[in-house]
Amino acid sequence: MNTTNTRTLNLNPSRWRNLGIIAHVDAGKTTLTERLLWKTGAIHRVGEVHDGAATTDFDPIEQRRGITIGAAAVQTHWTPQGQAEHRLTIIDTPGHIDFAIEVERSLRVLDGAVAVFSAVDGVQPQSESVWRQARRHGVPLIAFVNKMDRVGASFEQTLAQMRDKLDATPWAIGRPLGAESDLRGWVDLVARELVLWDEAGGIARRPWNDEETREHEPLRERLIEAVADHDDELAQAFLDARAIDSELLKAALRRGTLKGAGTPVLGGSAFKNKGVETLLDAIVDYLPSPLDRPMVTAQSEDGEVALAPDASGPLGGLVFKIVHQEHGALSFVRLYSGTLRVGDTVWASRRERAQRVGRLVVVQADHGRDVEVAYAGEIVAIQGWKDAVSGETLSGVERKLVLDTIQAQPAVLSWR
Ligand code: GDP
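Presented here is an overview of the structure given in this document.

Scoring rules and cut-offs
- The residue numbering used here restarts from 1 in each chain and proceeds along that chain's sequence as written.
- A pLDDT threshold of at least 70 governs which residues receive local features in this predicted model, and a stricter bar of 80 or more applies before side-chain atom pairs are shown or counted, although totals over entire chains, interfaces and linings include all residues.
- Heavy atoms from the whole structure form the basis of all side-chain values; hydrogens and water molecules are not counted.
- Note on terminology: near, applied to a residue and a molecule or strand, indicates that one of the residue's heavy atoms is within 4 Å of it.
- Within 3.5 Å is the distance limit for a polar contact, defined as a pair of N or O atoms, with the added protein rule that one can donate a hydrogen and the other accept it, and that residues adjacent in sequence qualify only through two side-chain atoms.
- Surface accessibility in these figures is a Shrake-Rupley result with a 1.4 Å probe; residues are shielded only by whichever protein chains are displayed.
- To qualify as a helix, a DSSP run of H or I must reach at least 4 residues; to qualify as a strand, a run of E must reach at least 2; elements of each kind are numbered from the N terminus.
- Residue type decides the class: Asp, Glu, Lys and Arg count as charged, Ala, Val, Leu, Ile, Met, Phe, Trp, Tyr, Cys and Pro as nonpolar, and the leftover types, Gly among them, as polar.
- Only protein chains enter the area calculation, which uses a 1.4 Å probe; residues under 20% of their type maximum are buried, those over 50% are exposed, and those in between are partly exposed.
- Here, axes are lines fitted to C-alpha atoms. For helices the fit covers the stretch in contact, and angles between N-to-C directions go from 0 to 180 degrees.
- If an angle is under 35 degrees, it is roughly parallel; if it is over 145, roughly antiparallel; if it lies from 65 to 115, roughly perpendicular; otherwise it is oblique.
- Contacts: residue pairs with any heavy atoms within 4.5 Å of one another.
- Here, strands pair whenever DSSP counts at least two bridges between them.
- The set of buried Ala, Val, Leu, Ile, Met, Phe, Trp, Tyr and Cys residues whose side-chain atoms join them within 4.5 Å is what this entry labels a nonpolar core.
- Ring pairs shown here join Phe, Tyr and Trp side chains whose ring centres sit within 6.5 Å, with only the six-membered ring taken for Trp; geometry is labelled stacked below 30 degrees between planes, edge-to-face above 60, and tilted in between.
- Only when the NZ atom of a Lys or the CZ atom of an Arg is both within 6 Å of the ring centre and within 35 degrees of the ring normal do we say a charge sits over the ring.
- Take the number of residues in a helix, subtract one, and multiply by 1.5 Å to get its expected span.
- Arc definition: it is the arc formed by the directions from the helix axis to the C-beta atoms.
- Each cavity reported here is a set of points on a 1 Å grid over the protein atoms alone in which a 1.4 Å probe fits but cannot get out, each pocket an open set with protein on both sides within 12 Å along at least five of seven lines, and each lining residue one with an atom within 4 Å of a point.
- Grid points are joined across faces, edges and corners, and a volume is the space filled by probe spheres set on the points.

## A short note on the site of the ligand
Around the ligand there are 18 residues in total, and Asp26, Lys29, Thr30, Thr31 and Asp149 lie nearest to it. One of the backbone N or O atoms of Asp26 is found 2.7 Å from an oxygen atom in the ligand. A distance of 2.8 Å separates an oxygen atom of the ligand from a polar backbone atom of Lys29. Out of a free accessible area of 580 Å², the ligand has 86% covered by protein chains. Top element by residues in the shell around the ligand is helix H2 (residues 29-39). It accounts for three residues. A breakdown of the residues in the shell around the ligand according to their chemical character gives five nonpolar, eight polar and five charged.

## Focus: unusual backbone geometry
One non-glycine residue, Arg192, adopts positive backbone phi at about 55°. Within the fold, Arg192 resides in the loop between strand S8 (185-188) and strand S9 (193-197). Among the residues examined, Arg192 registers a relative accessible area of 32% and is labelled partly exposed.

## Looking at the packing of H2 against helix H10 (residues 276-286)
Their axes nearest at 10 Å, the elements H2 and H10 cross at an angle of 85°. One element, H2, and the other, H10, form an angle in the roughly perpendicular class. For the pair H2 and H10, the contacting residues are Leu32, Arg35, Leu36 and Lys39 in the first and Val276, Glu277, Leu279 and Leu280 in the second. Looking at the contact of H2 with H10 residue by residue, the class counts come to five nonpolar, no polar and three charged.

## Regarding the side chain of Arg293
Mapping Arg293 onto the fold places it in the loop between H10 and strand S12 (296-300). Only 3.3 Å separates the side chain of Arg293 from the backbone oxygen of Asp111, close enough to count as a polar contact. The contacts of Arg293, once residues within four sequence positions are left out, are Leu110, Asp111, His137, Gly138, Val139, Pro140 and Pro288.

## What about the sheet that holds S12?
Strand order in the open sheet formed by three strands is S13-S12-S24, and the pairing between neighbours is antiparallel. A single partner strand is all that each edge strand has here, and the edge strands are strand S13 (303-307) and strand S24 (401-402). Pairing between S12 and S13: five bridges, direction antiparallel. Bridged to Val296 within S13 is Leu307.

## Considering the nonpolar core
In this structure, Val114, Met162 and Leu279 are the most contacted members of the largest nonpolar core, which totals 94 residues. Residues within four places of Met162 in sequence aside, it is in contact with Phe117, Val123, Trp131, Ala143, Asp167, Ala168, Pro170, Thr263 and Val265. Grouped together as the second largest cluster of nonpolar side chains are 19 residues, Leu315, Val333, Leu340 and Leu360 included.

## Let's talk about the packing of aromatic side chains
Taken as a whole and judged by the stated rule, the model has three aromatic pairs. When the ring centre of Trp347 is taken as origin, the NZ or CZ atom of Lys400, which lies over that ring, is 4.1 Å away.

## Thoughts on helix H5 (residues 125-136)
Each turn of an α-helix holds 3.6 residues, which means side chains three or four residues apart point in the same direction. With 12 residues, H5 ought to run about 16 Å at 1.5 Å a step, and its terminal C-alpha atoms sit 17 Å apart, in line with that. Burial in H5 covers these residues: Gln126, Ser127, Val130, Trp131, Gln133 and Ala134. Along the long axis of H5, the arc covered by the buried residues comes to 160°, so they all point the same way. Opposite the packed face of H5, turned more than 90 degrees from it, sit the exposed residues Pro125 and Arg136. Two residues or fewer after H5 comes Gly138, characterised by a positive phi angle close to 70°.

## Overview of the sheet that holds strand S10 (residues 203-207)
The strands that make up a sheet are held in pairs by hydrogen bonds between backbone atoms, and each pair lies either parallel or antiparallel. The strand order across the open sheet formed by four strands is S7-S8-S9-S10, and the pairing between neighbours is antiparallel. Two strands bound the open sheet, and with one partner strand each, they are strand S7 (174-177) and S10. Strand after strand, the sheet turns through a mean of 20° between neighbouring axes, direction not considered. Inspection of the sheet shows S9 paired to S10 by five bridges, in the antiparallel sense. Its bridge partner being in S10, Leu196 is matched across the sheet by Ala204.

## Some words on empty space enclosed by the protein
Evaluated as defined, the whole model comprises two cavities of 30 Å³ or more. Reported here for the largest cavity is a volume of approximately 50 Å³. Ala73, Val74, Gln75, Thr89, Phe332, Val361, Val362, Val363, Ile379, Val380 and Ala381 are the residues that line the largest cavity. If you list the elements that add at least two residues to the lining of the largest cavity, you get strand S2 (73-78), strand S19 (360-364) and strand S22 (379-383).

Right, dumping it as structure tokens:
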């Protein structure tokens, strides 16, 4: 492992993405999560979801049911072409309505989300409810139209359903090239490139040729007009008839996504490893870092406190998931402010007592890695708290904070 790199990255919260993946059951969330982990090198084997080998499904019962019961956080890294390495922490967000509190809590700790739709089934009821919940929490979203390889898949139809059923403003940042068994690639409207996919999961990119420019440029113009409706800078460039390069368009899309003005949409087939890199790039380009998000407000004895994403600020974190495993419980914490170190004693709001942090762990796919310290904006697990409860706030003993008022729930997951 390259420790220098890891350390540098740790000090760059602008290169962190804490994201969730939200979907209707069966849209392909598990498959997509697994493919993202595989592409980024966090796992080396891609199991079929239906044989129960998917990495985010920790619980055997869960594997049998084929649904994701609770949220765990898995960390990986991705370096988009021409950019620095970014750290992605994928928070598994339950899509099932029976776990409404868990959904609610996971939406609070992530900074952005990928909504997965099936290009065959379109926008289904559960996606609709989680989507609306995410919007209510002001979570910036991008959308991935999955299963483009299947007979009857329609990218356009899914966009139409996003408008009709979700009142969303989809910004298609590209178009699938080919469909069903002939799904060959992606027309990248932002970069003016064709992204060609091969059967082994590889990709090749090349600029549009003249004919393709004539064919795709009108779609790009439409995208620019739609985004410019919400972005003064882009609107001005458009009015001035200035050339709009990919960086300008990307920046406007990013601003619009953060404001919730629209949703960048892309597509592919998770199952066939098509479109996964494009999605990883889009996660880095359009979803926010912890620094981009509005400050979280906590209750203190002296009234409300806004928690700035600042490692030197007072400690404020939320325990959002307890996972039981062989070596003791893992309490997953989102740190909003301050720094948490091994050996620290912190105040735990629900148990109303001071508690020592014995061990800190970052989960990377199927294993944990010990860390000494975690900073504002990070997600980390505290190992070994026997009676930990989800929903409790961690803060300094001298400055007790409460972040979450949702009813506490007993832990349900186990983890090997
Ligand atoms: P989840 O319930 O949203 O986690 O969905 P899964 O990832 O378990 O996928 C549901 C089913 O759809 C599984 O049988 C997958 O193999 C299949 N599937 C997922 N993504 C794709 C895709 O892109 N194309 C095809 N053809 N099947 C897919």
